[in-house]
Amino acid sequence: MSKHPLILAIETSCDETAVAVAEGTAGILVSEVASQIELHSPYGGVVPELASRNHNITLRPLIETALSKSGLSIEDLDAIAATSGPGLASSLLIGDTTAKAIAVASGKPFYSINHMEGHMLSPFIENETGVLPNISLVVSGGHTMLVKVDRVGGYKILGATLDDAAGEAFDKAGKMMGLPYPGGPEIDRLSANGDPDAFDFPRAMLKSGDFQFSFSGMKTAMSHRIAGLGNKWDSNNEKLVSDLCASFQAAILDVLIGKTIAAVRETGASLVTVSGGVSCNRGLREQMTDACAAAGVKLQLATPSHSTDNAAMIAYAAACRFEAGLPASGFDQDINPNLQLL
Ligand code: KG4
Ligand code: ZN
């Protein structure tokens, strides 16, 4: 056994089939992601039954690829991990059952990992310091939350969205503008050439004095802006669409960044981390960098390949637990589509 445990991790909580092998917290040996975006694209969103059936087909060859790329066999591993929630039940079951089967057959310990913990710790992957206390902004398609992280397993949720997640707002707005699915990366790309002051969008709850978010009003605002353009609205007018995207994105970023800096001020934290699919957003990365510098606080962003769903973050979270001596999970540990962080 190497100094660091060799961990095989599987992530199938939504529409990415992903497998990774980590050498404990020291590094990721392999991270394979098979995206199903093309499969779901015609429907404008994830179709759960299609997702689980595709995981079922894709997962086994992906495990074989990950093992062969890492030069390891199942016997070499020290533990097997899988995401147990939150996510789509039928998708979670594929990864969870497969990981348990491998663990039972090989006699290795099994770690059931919370997807949100995976995102939250992902900015520390391949970082020599290990997990440091921080204010964590997790922004994905399903979640938006601010968490005070004291240590691995020591989390306090400061606030979360009361309705839509930030990524969900991006995707719904993208759909309204006729952009390809998912809308987030498209809005990011188009925003670069747009005027963020061209249209007025609400900064919901920015001044609410707490750390809750609300993004459901963004889709209503988008439909009003499009309706307000009347016959000037043309989804092929790149300048117009870019202006709408930039204005929409600016409003979301103002709220995300404003609340994160407020959390820093309230807690006296010295480090901010940002993770989840929306942390790929170039505007968010740039503006959060500036805001943290102005507030005199360090910033650690998840790398883009560890931001959207991946199994490296699940392997890393399992490695943190393994190395901290936290117990493995029982094989009777169920998946939970609504799994909470605490
Ligand atoms: O973390 P993730 O892969 O899956 C969930 O756990 O939900 O996040 C996916 C979300 C989608 O809503 C997608 O539109 C958004 O992340 N996203 C982005 C960008 N890249 C992905 N949103 C804004 N800008 C981006 N560049
Ligand atoms: Zn995710």
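Anyway, here's the lowdown on the structure attached to this text.

Scoring rules and cut-offs
- Each chain has its residues counted from 1, following the order in which its sequence is written.
- Whichever chain is written first is A, and whichever ligand is written first is 1; the rest continue in order.
- Since the coordinates come from a predicted model, pLDDT governs what is reported: local features require at least 70, and pairs of side-chain atoms require 80 or more to be given and counted, while whole-chain, interface and lining totals use all residues.
- Hydrogens and water molecules were not included; the side-chain quantities draw on all heavy atoms of the structure.
- Secondary structure elements follow DSSP: runs of H or I no shorter than four residues count as helices, runs of E no shorter than two count as strands, and numbering proceeds from the N terminus.
- All radius of gyration figures rest on C-alpha atoms, and the globule criterion is 2.2 Å times the number of residues raised to 0.38.
- Classification of residues uses two cut-offs on accessible area relative to the type maximum, computed with a 1.4 Å probe and protein chains only: under 20% is buried, over 50% is exposed, and between them is partly exposed.
- Two residues qualify as a contact provided that any one of their heavy atoms is within 4.5 Å of a heavy atom in the partner residue.
- Charge assignment in this entry is limited to Lys and Arg as positive and Asp and Glu as negative, and neither His nor the chain termini are counted.
- Lysine's charge is taken at NZ, arginine's at CZ, aspartate's at CG and glutamate's at CD.
- Throughout, near means a residue has at least one heavy atom within 4 Å of the molecule or strand.
- Under the rule applied, a polar contact is a pair of N or O atoms within 3.5 Å (in protein, one hydrogen donor and one hydrogen acceptor; residues adjacent in sequence only if both atoms are side-chain atoms).
- Buried and open spaces are told apart on a 1 Å grid over the protein atoms alone, a cavity being a set of points where a 1.4 Å probe fits but cannot get out and a pocket being an open set with protein on both sides within 12 Å along at least five of seven lines. Residues with an atom within 4 Å of a point are the lining residues.
- Should more than half of a molecule's atoms lie within 2 Å of a pocket's or cavity's grid points, that molecule is taken to sit in it.
- Those domain boundaries reflect an automatic or database domain assignment.
- Grid points are joined across faces, edges and corners, and a volume is the space filled by probe spheres set on the points.
- Amino acids outside the nonpolar list (Ala, Val, Leu, Ile, Met, Phe, Trp, Tyr, Cys, Pro) and the charged list (Asp, Glu, Lys, Arg) are all regarded as polar, and Gly is one of them.
- A donor here means an N, O or S atom no more than 2.8 Å from the metal, or no more than 3.2 Å when the metal is Na, K or Ca. Since water is not included, a site may seem to lack partners.
- Key to geometry: four donors with every angle between 85 and 135 degrees are tetrahedral; four donors are square planar and six octahedral where opposite donors lie over 155 degrees apart and all remaining angles lie between 65 and 115; all other sites are irregular.
- A fitted line through C-alpha atoms serves as each axis, taken over the contacting stretch for helices, and the angle formed by two N-to-C directions is quoted from 0 to 180°.
- Should an angle fall under 35 degrees it is taken as roughly parallel, and over 145 as roughly antiparallel, whereas 65 to 115 is taken as roughly perpendicular and any remaining angle as oblique.

Scanning the protein chain from terminus to terminus reveals ten helices and ten strands. For a compact globule of 342 residues, the expected C-alpha radius of gyration is about 20 Å, and the protein chain comes in at 20 Å, within 12% of that figure. Counting only C-alpha atoms, the protein chain reaches 65 × 45 × 30 Å along its principal axes. Buried positions account for 53% of the 342 residues belonging to the protein chain. In the protein chain, the proportion of contacts linking residues at least 24 apart, taken out of those at least 6 apart, comes to 73%. Each charge class in the protein chain can be summarised by its mean position, and for the 24 positive and 37 negative side chains these summaries are 5 Å apart.

Taken together, 19 residues form the shell around ligand 1, and within it Gly141, Asp171, Asp188, Gly277 and Asp309 come nearest. Contacts to ligand 1 include histidine 115, whose side-chain N or O atom sits 3.2 Å from an oxygen atom. Spatially, ligand 1 is embedded in the largest pocket. Only α4 (115-121), α5 (166-176) and α6 (183-191) provide two or more residues apiece to the shell around ligand 1. The greatest single-element share of the shell around ligand 1, amounting to three residues, is contributed by α6. Mapped onto the domain boundaries, the shell around ligand 1 takes at least three residues apiece from domain 1 (6-125 + 306-323) and domain 2 (134-301).

Moving on, we get to the layout of surface pockets. To find leftover empty space, a probe the size of one water molecule is rolled over the atoms. Taken as a whole, the largest pocket encloses approximately 1,100 Å³ of empty space. In this structure, the largest pocket is lined by 42 residues; those nearest its centre are Ser140, Gly141, Gly142, Asp171 and Tyr181. Counting only elements with at least two residues in the lining of the largest pocket, the list comes to β3 (27-35), α4, α5 and α6. Among the elements that line the lining of the largest pocket, the one with the most residues is α5, at seven residues. Grouping the constituent residues of the lining of the largest pocket by class yields 15 nonpolar, 19 polar and eight charged. Among the domains, domain 1 (6-125 + 306-323) and domain 2 (134-301) are the pair contributing at least three residues each to the lining of the largest pocket. Its volume calculated, the second largest pocket comes out at about 340 Å³. Among the elements that line the lining of the second largest pocket, the one with the most residues is strand β5 (residues 110-114), at four residues. Residue assignment places the lining of the second largest pocket across two domains, with domain 1 (6-125 + 306-323) and domain 2 (134-301) each supplying three or more.

To continue, consider the coordination of the zinc ion (ligand 2). The coordination sphere of the zinc ion (ligand 2) contains the protein donors His115 (NE2), His119 (NE2) and Asp309 (OD), at a distance range of 2.0 to 2.1 Å. Angles of 94 to 136° at the metal separate the four donor atoms of the zinc ion (ligand 2), which places the site in the irregular class. Sequence spacing of the donor residues for the zinc ion (ligand 2), all on one chain, is H-x3-H-x189-D. Residue histidine 119 is found in helix α4, and its partner aspartate 309 is found in the loop between β10 (298-301) and α10 (312-323); the two are separated by 190 residues along the sequence. An identical accessibility class is assigned to histidine 119 and aspartate 309; each is buried.

Below, the discussion takes up the packing of α6 against helix α8 (residues 238-267). Where α6 meets α8, the axes come as close as 8 Å, and the angle between the chain directions of the two elements is 110°. On the basis of the axis angle, α6 is roughly perpendicular to α8. Listed contacts from α8 to Ile187, Asp188, Leu190 and Ser191 of α6 are Glu238, Val241, Ser242, Cys245, Ala246, Phe248 and Gln249. Residue composition of the contact of α6 with α8, grouped by class: six nonpolar, three polar and two charged.

Honestly, that's just the spatial picture; any functional story needs more than this.
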